[in-house]
Amino acid sequence: MQSVGVAEASNSAGEQRAGFQGRGGRGVVVRRARDSGRWCAVNADQTLSSGRTPVGAVLRSRHVPRLLSASLIGRLPTGMAPLAILLTVRDGGGDYRLAGFLIALYAASAAVCGPVMGRLIDRTRQAPALLVSASVSAAALLVLAFADPVRSPAIGAIAAVVAGAATPQLEPCLRVLWEHVVVGERNVRAAFSLDAATQELIFVTGPLVVLGAIAVAGPAAGLVSAAVLGFSGAAWFATARPARAWRGTRVERHWAGPLRGAGVLRLFAVLVCVGATIGVFTVGITGYAEAEGSSAHAGWLIALNAAGALAGGIGYTAVRAAHREDRRLLVLLALLAAGYLPLVLTPGIALMFPLAFLSGCALPAVLASAFALIARMAPDGTLTEAHAWMITSFGVGNAIGSALAGTLLDVASARSAFVLATATAAASALMALPRLIRNFH
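Heads up: these notes are all about the structure in this document. (Residues numbered from 1 in each chain as written. Predicted model: local features only at pLDDT ≥ 70, side-chain atom pairs only at ≥ 80, totals over all residues. Heavy atoms only, no water.)

1. What to know about the overall build of the protein chain
Spelled out, the test is: By the criteria applied, helices consist of DSSP H or I runs no shorter than four residues and strands consist of E runs no shorter than two, each listed in order from the N terminus. Accessible area is worked out with a 1.4 Å probe on protein chains only. A residue is then buried under 20% of its type maximum, exposed over 50%, and partly exposed in between. Contacts are assigned to residue pairs with any non-hydrogen atoms lying within 4.5 Å of each other. Note that accessible areas follow from Shrake-Rupley with a 1.4 Å probe, and for residues the cover is restricted to the protein chains shown.
The helix and strand inventory of the protein chain stands at 18 helices and four strands. Out of the 441 residues in the protein chain, the part that is buried amounts to 52%. Of all intrachain contacts in the protein chain linking residues separated by at least 6 positions in sequence, the fraction that spans at least 24 positions is 77%. As presented, the protein chain carries roughly 18400 Å² of accessible surface, and 64% of it is formed by carbon and sulfur atoms.

2. Quick notes on a nonpolar patch on the surface
This is how it is decided: Patch definition: residues above 30% relative accessible area lacking any salt bridge, with like charges linked at up to 9 Å and the nonpolar side chains Val, Leu, Ile, Met, Phe, Trp and Tyr linked at up to 5 Å. By convention in these notes, a salt bridge is any Lys or Arg side-chain nitrogen within 4 Å of a carboxyl oxygen on Asp or Glu.
Taken together, the side chains of Val 132, Val 136, Ile 158 and Val 162 present a nonpolar region at the surface, about 320 Å² in accessible area. Counting residues per element, the ones that place at least two in the nonpolar patch are α5 (126-146) and α6 (153-165). Mapped onto the fold, Val 136 is located in helix α5. We classify Val 136 as partly exposed; its relative accessible area is 38%.

3. Focus: the packing of helix α3 (residues 76-91) against helix α4 (residues 96-123)
Between two packed helices, the angle of one axis relative to the other and the distance separating the axes together describe the packing. This is how it is decided: Helix axes are fitted to C-alpha atoms over the stretch in contact, other axes to C-alpha atoms as well, and angles between N-to-C directions run from 0 to 180 degrees. An angle below 35 degrees is treated as roughly parallel, one above 145 as roughly antiparallel, one from 65 to 115 as roughly perpendicular, and anything else as oblique. In this scheme the handedness of a crossing depends on how the near helix is turned from the far one: anticlockwise by less than a right angle means left-handed, clockwise means right-handed. Residues are sorted three ways: Asp, Glu, Lys and Arg are charged, Ala, Val, Leu, Ile, Met, Phe, Trp, Tyr, Cys and Pro are nonpolar, and all the rest, Gly among them, are polar.
The geometry of α3 relative to α4 is characterised by a closest axis approach of 8 Å and an angle of 155 degrees between their N-to-C directions. Classified by the interaxial angle, the pair formed by α3 and α4 is roughly antiparallel. The two elements α3 and α4 cross, and the hand of that crossing is right-handed. Contacts between α3 and α4 pair Pro 77, Thr 78, Ala 81, Pro 82, Ile 85, Leu 86, Val 89 and Arg 90 from the former with Tyr 96, Leu 98, Ala 99, Leu 102, Ile 103 and Tyr 106 from the latter. When its residues are assigned to classes, the contact of α3 with α4 shows 12 nonpolar, one polar and one charged.

4. Focus: the side chain of Glu 385
Using the following cut-off: Any pair of nitrogen or oxygen atoms within 3.5 Å is treated as a polar contact; in protein, a donor-acceptor pairing is required on top of that, and neighbouring residues in sequence qualify only through side-chain atoms on both sides.
Mapping Glu 385 onto the fold places it in helix α17 (residues 383-411). Among the residues examined, Glu 385 registers a relative accessible area of 4% and is labelled buried. A distance of 2.9 Å separates a polar atom in the side chain of Glu 385 from a polar atom in the side chain of Arg 119.

5. Remarks on the environment of Ala 276
Here Ala 276 shows up in helix α12 (residues 262-291). On a C-alpha basis, the gap between Ala 276 and Thr 424 in space is 6.6 Å, while along the polypeptide they are 148 residues apart.

6. Considerations on unusual backbone geometry
The phi torsion at Asp 148 lies on the positive side, around 55 degrees, for a residue other than glycine. Residue placement: Asp 148 occurs in the loop between α5 and α6. Of note in this structure, Thr 346 is not a glycine but carries a positive phi near 40 degrees. By the element assignment, Thr 346 lies in the loop between α14 (325-340) and α15 (349-359). Taking relative accessible area as the criterion, Thr 346 reaches 19% and is therefore assigned buried.

7. Focus on the pattern of salt bridges
All chains considered together, the criterion is met by seven salt bridges. In this structure, the salt-bridge partner of Arg 75 is Asp 195, at a minimum N-O distance of 3.6 Å. Linking Arg 75 in the loop between α2 (64-74) and α3 with Asp 195 in helix α8 (residues 185-198), this pair joins segments that are 120 residues apart in sequence. Each member of the pair, Arg 75 as well as Asp 195, is classed as buried. For Arg 175, the salt bridge is made with Glu 171, and the minimal N-O distance between the two is 2.6 Å. Within this pair, Arg 175 and its partner Glu 171 are both found in helix α7 (residues 170-181), separated by four residues, close to a single helical turn. Classification of Arg 175 by relative accessible area gives buried; the value is 2%. Take Glu 171: its relative accessible area is 15%, and that puts it in the buried class.

8. Details of the nonpolar core
Convention followed: Throughout, nonpolar core names a set of buried Ala, Val, Leu, Ile, Met, Phe, Trp, Tyr and Cys residues whose side chains join them through atoms within 4.5 Å. Boundaries of every domain are those given by an automatic assignment or by a domain database.
In terms of nonpolar packing, the biggest core is built from 105 residues, with Trp 178 and Phe 237 touching the most fellow members. Domain assignment of the residues forming this core places at least three in each of domain 1 (53-250) and domain 2 (260-440).

9. Quick notes on the side chain of Ser 393
Topologically, Ser 393 is positioned in helix α17. For Ser 393, a relative accessible area of 7% translates into the label buried. Of note is the side chain of Ser 393, whose polar atom sits 2.8 Å from the backbone oxygen of Trp 389. Those residues in contact with Ser 393, other than ones at most four positions away along the chain, are Phe 268, Leu 271 and Val 272.

10. Some words on helix α9 (residues 200-217)
Selection rule: The length a helix should cover is 1.5 Å for every residue beyond the first.
Under the 1.5 Å per step criterion, the end-to-end length of α9 is 26 Å for 18 residues, consistent within 8% with the ideal 26 Å. Residues of α9 that are buried sit in contact with α2, α3, α8, α10 (221-238), α13 (297-316) and α16 (363-377). Count one or two residues on from α9 and you reach Gly 218, which has phi positive near 100 degrees.

In structure tokens, the structure reads:
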């Protein structure tokens, strides 16, 4: 597998760059031969790799700690904004309907505009796009914090839309850079898995940061801290050398971008079902906890699901790359469905704790496999947009699953929600049964 973006190399006189891009916006590692003065391609697996394990090699690779940390910090607003908006509205005397409306606007605009931002980055550069979008999104969050959305709902709605639409595309940008900053195909796959696992920290840490900020500085502090952290993380990422060096590929593009491939569309549909599974679980486990008379345990059950995902993702970094990634994905989707099936038994709280943990274990592996597939499937010059579409697909599925689970809790029971979670996970595996792409290997 080749490296991404603009490769860098050094000779005895100092560092130089070369803009060798390949398929889907990917480039090759280049090194200047000291004796000839010519740029030549070098197989990534032939270069020096540090660390005895894949995750160790990834974390010890140059630029990785900064890029991964900056990406997680810059993406914290995704886990912070919903709760921060809710608490800001409620503190101002607003009702849950207004809070839910503003949260929906924020999430919907982020989902719709993500692929648009991804396409822009594919055609230009990462650093300027990230810095501008982070500035706009942070400014909109500050407006939402201080404009009193209860008294001025129109301003609040506009601010929520702008904040979501301008969300910096750190997640797709990081995944585009992995093949550039990590050496060796196995280590790249480990990076995808580590990426998928650590993003669970966003949704565990984000709400805690909001609650801590509000406790210290008042209701507006939740949105203010989201703005500051989001901009700081994006700026730290955008000023890293790999992000500054990356350039979009100059190729002739189809108007549909990555959406014109049947295999790509099937993969996105798979991710809609996976997202629905997670959305159903989040709502369903809350209803289950309330039915058991232990509503306070809902947060712990959700946190255990995220902890299972973190553990599963780190464990998956040690798994070797698959010769046929489409078959690997099918197996992982089946494991995802199997992980949610025991929840249908709806046992007591004590037994539900380990089941919630186990149900989350397969998710990062599924996502990592999907990242590896899209890296091979994306047409020339569309890789950032393709990753953005993956995020949108997952988010749309999550929203649909949440809505369906809420309805089921009203008309049936928590058990029916867990049946639906298992069914959507199984549906994702059924969609993956046909070969996702042709001539994969």
